[in-house]
Amino acid sequence: MLTLPEYPWDAMTPYRELAAAHPGGTVDLSIGTPVDPTPQVIQDALAAASDAPGYPTTHGRPQLREAVADWFALRRGVPNLDPEAVLPTIGSKELVAWLPTLLGLGAGDIVLRPRIAYPTYDMGAVIAGAERVATDDPFSLDESVLARVKLIWLNSPGNPTGKVDDVAYMARVVELARRIGAVVASDECYAELPWEVEEVPSILDPRVAGESHQGLLAVYSVSKQSNLAGYRAAFAAGCPELIKGLVNTRKHAGMIMPAPVQEALRVALSDDDHVRSQRELYRRRRALLKPALEAAGFTVEHSVAGLYLWCTDGSVTEDGRGDTWAQVQRMAERGIVVGPGVFYGEAGEGYVRVALTASDERIAAAAERLAV
C-alpha cells in the first residue's frame, strides 16, 4: 500500500476553531478557493452540453484544443501552438501529482522543484518512487545529481510566494534541461493575475523555448481566472511527443475530462470579459488587504502576481528560527485563518500565506480586525 504523509491542512483544525469563536465569525484566507459566482456564460455552456451520453475523448474535442491554442497566442505570447499538442486534464493538481508516474519516473530519478513550493510537486515524486530536490538554483547542482534529474518543475507566478520568473531565468532552465535530458513542466495557473509586473512569461514563449517546444510542458487551470475550481478544468500543452505519450497513457488509465466540462472550458477560454472583471475584483481586494497587513506589522515579500500575499511579522522561536505557528495563532485570535508557510517547504518557516479569495465583505472585515 502506498503510504503518504497526513494531509497537512488537518493540522489547522484548532486554529479554525479559534477563529470561529470570533464574534464576527471566521475570515478564511487560507486555502485559495474561489468564492465568486461562476460566470453565467460558462454555466450556460455547461448546461447546453449536458446531453452527453457517449464517452468523451481523452485528447479532448478539436474545438477545445483549438481554443487553447488560440488562447496561448492571444494571452501568453505563444504563436502557432499545434492543437494536437494540447491535453485537457481533470484540474491541474491531478496532473501535477501523477506527471512523474505518467512519465515513467521511479527509483533513482530526481524531480526538482522550487525551495518554497506547492507541496504536490513533492507528492508526485513520492507517488512515483522518485527522489525530490528543492532548489532555486539548479545550475549549481553537481553533475552527478543533474544526471539523475528527469523532471524540473517551475511555478510562475509562484504559489505561495507570488514570485514571477523572468525570460532569462526560464530560458537558462530550458537550456539546462535539454542538455541533461530532463522535462520542464511549468505550472502557470496564476498567469492572468499580474499586479506589479509587466509580463508573466510562459515556458512556451519563443524567447524561452526557442524554435521548438521539445521537452516542455505548460500546465494551466482556469479555476482562478474563471471561478471554475468545481469544474476541474485545466490543460497541459507543449512538446508534441510528450503530449502524445500522455494521451496514450491516460487512455489506458481512464483519465478523461467530461464532455460538458470540455465545452465549458472552451467557452471560458474564448471570453475575456469575465476574466477582466474577476481580475479587477481581486485587484481591489489586494489593494485593501496588503496595506492592512503592513500596518499590522507584516512584511509582504514577492507577491507581485497571483492570489496570495506571502508575508511575515518577524516572529521567532526561542532558538531564533522563524515562527510560522505563532503568526497563524495571532491571526486566528483575530478570527482570520491563514496558510502556514511551513506547508510549502522548510524554507517557508516563519511565513504565512494570505489568500485574496474571500468576499469583499470578508476582506474588509479582515482589514478592520488587523487595525485593532
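Heads up: the structure comes first, above all this text.
Residues numbered from 1 in each chain as written. Predicted model: local features only at pLDDT ≥ 70, side-chain atom pairs only at ≥ 80, totals over all residues. Heavy atoms only, no water.

Student: So, the pattern of salt bridges: which residues are in play, and what are the values?
Tutor: Inspection of every chain in the model, using the stated rule, returns 23 salt bridges. For glutamate 84, the salt bridge is made with arginine 65, and the minimal N-O distance between the two is 3.1 Å. Within this pair, whereas glutamate 84 is found in the loop between helix 3 (62-75) and strand 2 (86-90), its partner arginine 65 is found in helix 3, the two being separated by 19 residues in sequence. Classification of arginine 65 by relative accessible area gives buried; the value is 7%. Note that aspartate 122 and arginine 132 form a salt bridge whose closest N and O atoms lie 3.9 Å from each other. Pair noted here: aspartate 122 is in helix 5 (residues 120-128) and arginine 132 is in strand 4 (residues 131-134), with a separation of ten residues, a long-range link. Taken together, the shared-partner salt bridges connect Asp36, Arg285 and Asp360 into one network. (Salt bridge = Lys/Arg side-chain N within 4 Å of Asp/Glu carboxyl O. Helix = DSSP H or I, 4+ residues; strand = E, 2+ residues; numbered from the N terminus. Buried < 20%, exposed > 50% of the residue type's maximum accessible area, 1.4 Å probe, protein only.)

Student: Which residues make up the environment of glycine 25, and what are the values?
Tutor: By the secondary structure assignment, glycine 25 is in the loop between helix 1 (13-20) and strand 1 (27-29). Taking C-alpha positions, glycine 25 is 38 Å from glutamate 263, a pair spaced 238 residues apart along the chain. When near neighbours in sequence (up to four residues on either side) are disregarded, glycine 25 contacts Ala19, Gly335, Arg362 and Arg369. (Contact = heavy atoms within 4.5 Å.)

Student: Describe helix 11 (residues 259-270), with residues and values.
Tutor: Its twelve residues give helix 11 an end-to-end C-alpha distance of 17 Å, which sits within 8% of 16 Å, the value for a rise of 1.5 Å per residue. Burial analysis of helix 11 places nine of its twelve residues in the buried class, the great majority of the element. Buried residues of helix 11: Pro260, Val261, Gln262, Glu263, Ala264, Leu265, Val267, Ala268 and Leu269, and no others. On its buried side, helix 11 packs onto helix 2 (40-48), helix 3, helix 9 (223-226), strand 8 (233-238) and helix 12 (273-295). (Expected span 1.5 Å × (residues − 1).)

Student: Can you break down the nonpolar core residue by residue, with the values?
Tutor: Membership of the largest hydrophobic core comes to 50 residues, with the highest contact counts inside it found for Phe72, Leu81, Ile203 and Leu204. Ranked by residue count, the leading element in this core is helix 7 (residues 167-180), at seven residues. Setting aside residues up to four positions removed in sequence, leucine 81 forms contacts with Ala69, Phe72, Val86, Leu204, His213, Ala237 and Gly238. Within the second largest apolar cluster, 42 residues are counted, among which are Trp9, Leu193, Val300 and Tyr308. (Core = buried A, V, L, I, M, F, W, Y, C linked by side-chain atoms within 4.5 Å.)

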